[in-house]
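A look at the structure
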Amino acid sequence: MDMGYLFDMLRGEYENLDVKEVYSAKLGDTDVEILEVSSGDEKFVAMFQSVPVKEDLYKWSIIITSAHNTRTIKGMDSLDGIKLALKSSIDAMVAGMRGE
């Protein structure tokens, strides 16, 4: 997994979101990203971290916080599994921002 994974994934999957990188670093083996994401006047902050366990398997976690909701999830998955879990959480956060 490359640094900026969440940033790149959000930019590629959600053209309607404005994604800004607040912080990105490699701390030992752990990649850490903090992003500010907005859609119109609504915003949320996402903190994502991942550490490789073995080839194509990562231990990861994400905390997504908005004015209305906080979601925390973690797992140990391949890149495809991580993408599905992140997309599901981002979809739910965006829906909550729109009041759906």
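Structural data are supplied above this passage.
The sections below set out a description of the structure shown in this document. (Residues numbered from 1 in each chain as written. Predicted model: local features only at pLDDT ≥ 70, side-chain atom pairs only at ≥ 80, totals over all residues. Heavy atoms only, no water.)

Going through the model one piece at a time under the given rule, you end up with five salt bridges. Lys 20 is the partner of Asp 18 in a salt bridge, and the nearest nitrogen-oxygen pair spans 3.9 Å. On the basis of relative accessible area, Asp 18 is assigned to the partly exposed category, the value being 36%. Note on Lys 20: relative accessible area 43%, which makes it partly exposed. A salt bridge links Glu 36 to Lys 43; its shortest N-O distance comes to 3.8 Å. Taking relative accessible area as the criterion, Lys 43 reaches 46% and is therefore assigned partly exposed. (Salt bridge = Lys/Arg side-chain N within 4 Å of Asp/Glu carboxyl O. Buried < 20%, exposed > 50% of the residue type's maximum accessible area, 1.4 Å probe, protein only.)

Reading across the sheet, the five strands line up as E1-E2-E3-E4-E5 and stay open at both edges, with antiparallel pairing between neighbours. Two strands lie at the open edges of the sheet, namely strand E1 (18-27) and strand E5 (70-77), each paired on one side alone. Averaged over all neighbouring strand pairs, the angle between strand axes comes to 15°, with direction disregarded. Pairing of E1 with strand E2 (residues 30-39), which is carried by nine bridges, proceeds in the antiparallel orientation. Bridged to Lys 20 within E2 is Glu 36. Lying over the sheet, helix H1 (residues 5-13) contacts E1, E2, strand E3 (42-54) and strand E4 (57-66), oriented at roughly 30° with respect to E2. Together, E2, E3, E4 and E5 form the strand contacts of helix H2 (residues 79-97), whose direction differs from that of E4 by roughly 5°. (Pairing = 2+ DSSP bridges. Helix = DSSP H or I, 4+ residues; strand = E, 2+ residues; numbered from the N terminus. Axes fitted to C-alpha atoms, helices over the stretch in contact; angles between N-to-C directions. Contact = heavy atoms within 4.5 Å.)

With that settled, consider the nonpolar core. For soluble globular proteins, nonpolar side chains are generally found buried alongside one another. Leu 6, Leu 10, Phe 44, Phe 48, Ile 62, Leu 86 and Ile 90 are the most contacted members of the largest nonpolar core, which has 23 residues in total. Every element with two or more residues in this core is listed here: H1, E2, E3, E4 and H2. If you tally residues by element for this core, the top one is H2, at six residues. Residues contacting Ile 90, with those up to four places away along its chain left out, are Leu 10, Tyr 14, Leu 17, Phe 44 and Ile 64. (Core = buried A, V, L, I, M, F, W, Y, C linked by side-chain atoms within 4.5 Å.)

Right, let's talk about H1 for a bit. Two residues of an α-helix separated by three or four positions point the same way, owing to the 3.6 residues in each turn. Burial in H1 covers these residues: Tyr 5, Leu 6, Phe 7, Met 9 and Leu 10. Turning to H1, the residues buried within the fold contact E1, E2, E3, E4 and H2.

What follows covers the environment of Asp 31. By the element assignment, Asp 31 lies in strand E2. According to the relative accessible area criterion, Asp 31 is buried, its value standing at 9%. Measuring from C-alpha to C-alpha, the distance between Asp 31 and Gly 4 comes to 8.4 Å, with 27 residues separating the pair along the chain. Side chain to side chain, Asp 31 and Lys 26 meet in a polar contact 2.9 Å long. (Polar contact = N/O pair within 3.5 Å; in protein donor to acceptor, adjacent residues only side chain to side chain.)

What follows deals with the pairing of E3. Here E2 pairs with E3 via nine bridges, running antiparallel. Looking across to E3, one finds that Glu 36 is bridged to Val 45. Where E2 folds back on E3, the antiparallel hairpin that results is connected by two residues, among which Gly 40 adopts a positive phi of roughly 65°. Hairpin remark: E3 followed by E4, antiparallel, with two residues in the connecting loop; positive phi at Asp 56, about 60°.

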